[in-house]
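Architecture at a glance
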Amino acid sequence: MAQRAEQLKFDVIVVGAGMAGSSAAAIAARAGLKVALIERGQTPGGKNYFGGAVYTHALQEIYPDFFDRKPPLERPVTEAGFWFLTKDGATRLNVQGGHLDSQPIDAYVALRAKFDNWWAEQAQKEGALLIPKTVVVDFLRDETGRVNGVQADRPQGEVYAPVTILCEGVNNLLTQKLGLIDHDLAPSRVALGVKQLISMPADTINTRFGFPDKTHGLAVSVVGDVSLGLPGLGFIYTGEEFLSVGLGINLDVLAEYRLKPYEILKRYLSHPAIAPLVAGGKLMEYGAHLIPEGGWHDMPKLFTDGVLVAGDAAAMVNALHWEGTNMAIVAGKLAAEAAIQAHRSKDFSAKSLSQYKDALQHRFVLRDLWQYRNFSRFLHNHPTFMNVYPTFVNETFGRFFTAYGKPKKQLFKEILGSLTSRRPLYRAAGDVISFARAMMGW
Ligand SMILES: Cc1cc2nc3c(=O)[nH]c(=O)nc-3n(C[C@H](O)[C@H](O)[C@H](O)COP(=O)(O)OP(=O)(O)OC[C@H]3O[C@@H](n4cnc5c(N)ncnc54)[C@H](O)[C@@H]3O)c2cc1C
């Protein structure tokens, strides 16, 4: 047994080979540390699911030669926007060209099953040992009670290391087990993301979205009727030969209104503005995954003696911007750097590992999570942004573009009337101020 424990001794254990875990493992292994990267799935990414797009600024922070490594990416996002859906119409606010079309393109659509596997392979190339099909179920402790390893769900599943980086994703059972957070995710602060992958020929996608070829692609967020006017956000991403169409909606809303996620998605797919885009496509895959939207308020303590937490396990998601993978990657890297420093100083105490949080505070990760800390509560308290305003925007532009031959004073009176019939002016002004406060973190 003692001999066995000796065999499974590492410098760093990383739990979870997702975006955060494989980044942490790569950085630690590159510094010459012996790293175990433990993943419960058959292969990394096998259980992972997102919208979605990955961001090159974060990917290149781990691998400056990222593009030379031939990553399995889909289309670059050269067009992005917000679509406001009403029951029977849509206002599309799309941006293309300029920043979106300058090299390197900042966002690429990806499929996690392919991408995470490749991402973990890069960590293996740096020297990390991937241990798949293995669930970490508990911690091991030394005689002083400090964590000095993890227990996996298999006979003789003890794996030892003076520092463990938890990158276990949204369902952060180990983080909870360690007492780093005293509550499970509240249904009002966690969304269920559901989506369909719909396959169709590249040419059909190009024609429907107006792209010259598959070096152009789109990512849009959709609000309004997509979630029946309830707090939720839809999305559409274009892959090379598929569309990814889905939405995230809070669990408490699903429970309160007894909504079935698949039915809301079906309804969204048959909306008159969406149905023609997906028509004739073949359903490749349907899936669901949780999104921790509590951000700052649901963040566990990020370190303790011998342990660090990164990514979704630490609620590092900015739902409005669909930023999660980049936060996870950067946090994984900074956690690994703290582990490397701890090895240099031979000090694995919480005090030593606290430099991880200091480093995060200098990056967009903690800055943005702090700034947007009240955004999810704001959406809950202001359902008007999901029902009244998308309809108002649609009606306003509808009136504007049909006001030919009409005195324009009358047009603006009508627009004002269409707002005040829905929301008194002083309340609308209050909504704008509350929106600005939630966005700016005031
Ligand atoms: C519908 C949807 C759309 C999204 N769209 C976007 C987007 O467009 N862009 C973006 O940046 N982000 C998006 N996100 C968020 C993004 O997917 C996450 O923030 C990101 O994947 C977090 O990475 P992670 O490494 O922390 O966790 P994960 O990627 O979830 O990885 C966690 C890993 O840990 C493993 N694991 C868990 N527990 C154990 C255990 N006990 N033992 C061993 N292994 C374990 C899991 O199998 C998994 O591989 C979206 C999320 C959803 C659900």
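Below is a short write-up of the structure. Only a predicted model underlies this, so the values are computations on that prediction, with no experimental measurement involved. (Residues numbered from 1 in each chain as written. Predicted model: local features only at pLDDT ≥ 70, side-chain atom pairs only at ≥ 80, totals over all residues. Heavy atoms only, no water.)

1. Comments concerning the nonpolar core
Operational definition: In these notes, a set of buried Ala, Val, Leu, Ile, Met, Phe, Trp, Tyr and Cys residues joined through side-chain atoms within 4.5 Å is what counts as a nonpolar core. To sort residues, take the accessible area from a 1.4 Å probe on protein chains only and compare it with the maximum for the residue type: under 20% means buried, over 50% means exposed, and anything in between is partly exposed. In what follows, a contact means two residues having at least one pair of non-hydrogen atoms within 4.5 Å.
Ranked by size, the top nonpolar core spans 82 residues in total, and within it Trp119, Ile165, Met316 and Tyr356 carry the most contacts. The contacts of Tyr356, once residues within four sequence positions are left out, are Leu302, Leu308, Val309, Ala310, Met316, Ala331, Leu334, Ala335 and Ala338. Counting residues in each nonpolar core, the second largest holds 29 residues, with Trp83, Leu85, Leu269 and Ile274 among its members.

2. What to know about the packing of aromatic side chains
Worth spelling out the cut-off: Between rings of Phe, Tyr and Trp, where Trp is taken as its six-membered ring, a pair exists when centres lie within 6.5 Å; planes separated by under 30 degrees are stacked, by over 60 edge-to-face, and by other angles tilted. The numbering of helices and of strands both runs from the N terminus, where a helix is a DSSP run of H or I of at least 4 residues and a strand a run of E of at least 2. Only when the NZ of Lys or the CZ of Arg is both within 6 Å of the ring centre and within 35 degrees of the ring normal is a charge said to sit over the ring.
Inspection of the entire model under this criterion finds 22 aromatic pairs. On the basis of an interplanar angle of 85° and a centroid distance of 4.7 Å, the ring pair of Tyr262 and Tyr286 is categorised as edge-to-face. On the criterion of sequence distance, the pair formed by Tyr262 in helix H8 (residues 261–269) and Tyr286 in strand E16 (residues 282–292) is long-range, its members being 24 residues apart. With a relative accessible area of 34%, Tyr262 lands in the partly exposed category. Judged by its relative accessible area of 36%, Tyr286 is partly exposed. Lying over the aromatic face of Phe10, Lys34 brings its terminal NZ or CZ to 5.0 Å of the ring centre. Positioned over the ring face of Tyr49 is Lys195, at 4.9 Å from the centre of the ring.

3. Comments concerning the sheet that holds strand E11 (residues 163–166)
Keep this limit in mind: For two strands to be treated as a pair, DSSP must find no fewer than two bridges joining them. Convention adopted: a line fitted to C-alpha atoms gives each axis, helices being fitted over their contacting stretch, and angles between N-to-C directions are expressed from 0 to 180 degrees.
With respect to topology, six strands assemble into an open sheet ordered E7-E2-E1-E11-E18-E17, the strand pairing being mixed. The open sheet terminates on both sides in strands that have one partner only, identified here as strand E7 (129–131) and strand E17 (303–304). Packed on one face of the sheet, helix H10 (residues 325–345) meets strand E1 (12–15), E11 and strand E18 (307–309) and runs near 175° to E11.

4. Some remarks on helix H2 (residues 19–30)
Keep this limit in mind: A helix's residues, less one, multiplied by 1.5 Å, set its expected span.
With twelve residues, H2 should cover 16 Å at 1.5 Å per step; its first-to-last C-alpha distance of 17 Å lies within 8% of that length. Here H2 lies mainly inside the structure; eleven of its twelve residues are buried. Listed as buried for H2 are Met19, Ala20, Gly21, Ser22, Ser23, Ala24, Ala25, Ala26, Ile27, Ala28 and Ala29. Following H2 by one or two positions, Gly32 has its phi on the positive side, about 95°.

5. So, the sheet that holds strand E8 (residues 136–141)
With respect to topology, three strands assemble into an open sheet ordered E8-E9-E10, the strand pairing being antiparallel. A strand with exactly one partner marks an edge of an open sheet, and here the two such strands are E8 and strand E10 (158–160). Going across the sheet, the axis of each strand differs from the next one's by a mean of 30°, ignoring polarity. Where strand E9 (residues 147–152) meets E10, three bridges bridge the pair, whose relative direction is antiparallel. Residue Gln151 lies in a different strand from E10, and its bridge partner there is Glu158.

6. Comments concerning the site of the ligand
To keep things clear, this is the line we draw: Throughout, near means a residue has at least one heavy atom within 4 Å of the molecule or strand. Pairing of N or O atoms within 3.5 Å defines a polar contact, subject to two protein rules: one partner must be a possible hydrogen donor and the other a possible acceptor, and residues neighboring in sequence count only if both atoms are side-chain atoms. In short, Shrake-Rupley with a 1.4 Å probe defines the accessible areas, and a residue's cover is counted only from the protein chains shown.
In the vicinity of the ligand lie 36 residues, with Glu39, Arg40, Arg112, Asp312 and Thr325 positioned nearest. Taking Gly51, its main chain carries an N or O atom lying 3.1 Å from a nitrogen atom of the ligand. Tyr55 is positioned such that a nitrogen or oxygen atom in its side chain is 3.4 Å from a nitrogen atom of the ligand. Its free accessible area being 1000 Å², the ligand has 96% of it covered by the protein chains. When contributions to the shell around the ligand are tallied by element, the ones reaching two or more residues are H2, strand E3 (53–55), E16 and H10. The element contributing the most residues to the shell around the ligand is E16, with three residues.

7. Some points on the packing of helix H15 (residues 388–400) against helix H16 (residues 408–420)
Quick reminder of the rule: The scheme is simple: roughly parallel for angles under 35 degrees, roughly antiparallel for over 145, roughly perpendicular for 65 to 115, oblique for anything else. Each helix crossing is assigned a hand: it is left-handed if the near helix lies turned anticlockwise from the far helix by less than a right angle, otherwise right-handed if that turn is clockwise. Residues are grouped as follows: nonpolar covers Ala, Val, Leu, Ile, Met, Phe, Trp, Tyr, Cys and Pro; charged covers Asp, Glu, Lys and Arg; every other residue, Gly included, is treated as polar.
The contact between H15 and H16 brings their axes to 10 Å, and the two run at 165°. The angle between the axes of H15 and H16 places the two elements in the roughly antiparallel class. As for the relative orientation of H15 and H16, their crossing is right-handed in sense. In contact with Tyr389, Phe392, Glu395, Thr396, Arg399 and Phe400 of H15, H16 contributes Leu411, Glu414, Ile415, Ser418 and Leu419. For the contact of H15 with H16, a count of residues per class yields six nonpolar, two polar and three charged.

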